[in-house]
Amino acid sequence: TREDVNSLKNVHNNKAVKPLNRVGGSPLIRPYNTYYKFVVFRHPFTRMVSAWRNKLQLVEGVTNKYFYKNYGIPMIKLSRGVKAELEFYKDKEANLVTFPEFVRGIKHGIVDRHWMPQTEICQPCLVQYDFVGFFEYLDSDTNYILDQVGIEDDVVRQIRSLKLVSSSQQLNSRYSSSTLYP
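The structure contained in this document is the topic of the report that follows. (Residues numbered from 1 in each chain as written. Predicted model: local features only at pLDDT ≥ 70, side-chain atom pairs only at ≥ 80, totals over all residues. Heavy atoms only, no water.)

### Brief notes about the packing of aromatic side chains
Any two aromatic rings considered together are summarised by their centre-to-centre distance and by the angle between their planes.
Inference 1: Taken as a whole and judged by the stated rule, the model has 13 aromatic pairs.
Inference 2: Joined through ring pairs, the aromatic side chains of Phe-45, Trp-52, Tyr-66, Phe-67, Tyr-71, Phe-99, Phe-102 and Trp-115 make up one cluster.
Inference 3: We note Arg-42 situated over the ring of Phe-135; from NZ or CZ to the ring centre the distance is 4.4 Å. (Phe/Tyr/Trp six-rings, centres within 6.5 Å; stacked < 30°, edge-to-face > 60°. Lys NZ or Arg CZ within 6 Å of the ring centre and 35° of its normal.)

Structure (structure tokens):
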């Protein structure tokens, strides 16, 4: 129900969100093949920058403990050595993962679903999507999907009235190569 969806705080680890194969669906059987299936891809670079900012930089003055323990510390150890962990805990703000360290970590196999290739998550070769959208065109793609699904209510009208800014526009206005690669 809409109430169930709206009550979700974290869709990744919530028991209410089940994979399709646990709700009687699979890309190969009914009723799955009757669903309107869409996927929205994001440019890989903007997705990486967004994941780095959201998971490994300060968000409202705080580091994400889970991501630093599991990803950030291993990433800075690759560049700075084993003492990097102690330095990080002495002064977190001065020892955050830099963007080049983040890229190096990914190249060395430190991967999470927030920055892994979307094709590994969405499996476009297995699932026959009815629509493939792009985050950079989220405003028009969202309206197209809503038209195709054929729902119109107060919530949908509210979504349609939003003016969404593309991640590329946000990146260009906030970052340059000098801020990503100091």
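Next comes the rest of the account.
### Brief notes about the side chain of Glu-136
Inference 1: Here Glu-136 shows up in the loop between β2 (131-134) and α7 (138-149).
Inference 2: Although Glu-136 is buried, it makes no salt bridge; Arg-42 carries the closest opposite charge, 5.5 Å away.
Inference 3: Within the local environment of Glu-136, its side chain forms a polar contact with the backbone nitrogen of His-43, the two atoms lying 3.0 Å apart. (Helix = DSSP H or I, 4+ residues; strand = E, 2+ residues; numbered from the N terminus. Buried < 20%, exposed > 50% of the residue type's maximum accessible area, 1.4 Å probe, protein only. Lys, Arg positive; Asp, Glu negative; His and termini not counted. Salt bridge = Lys/Arg side-chain N within 4 Å of Asp/Glu carboxyl O. Polar contact = N/O pair within 3.5 Å; in protein donor to acceptor, adjacent residues only side chain to side chain.)

### Brief notes about the environment of Asn-54
Inference 1: Within the secondary structure, Asn-54 is located in helix α2 (residues 44-56).
Inference 2: Among the residues examined, Asn-54 registers a relative accessible area of 39% and is labelled partly exposed.
Inference 3: A C-alpha to C-alpha distance of 8.5 Å links Asn-54 and Asn-64, two positions ten residues apart in sequence.

### As for unusual backbone geometry
Inference 1: Unlike most non-glycine residues, Glu-60 shows phi in positive territory, near 55 degrees.
Inference 2: With respect to the secondary-structure elements, Glu-60 resides in the loop between α2 and α3 (65-80).
Inference 3: In this structure, Gln-123 is a non-glycine residue whose phi angle is positive, near 45 degrees.
Inference 4: Relative to the helices and strands, Gln-123 is located in the loop between α6 (118-122) and β2.
Inference 5: Given the relative accessible area of 38%, Gln-123 is considered partly exposed.

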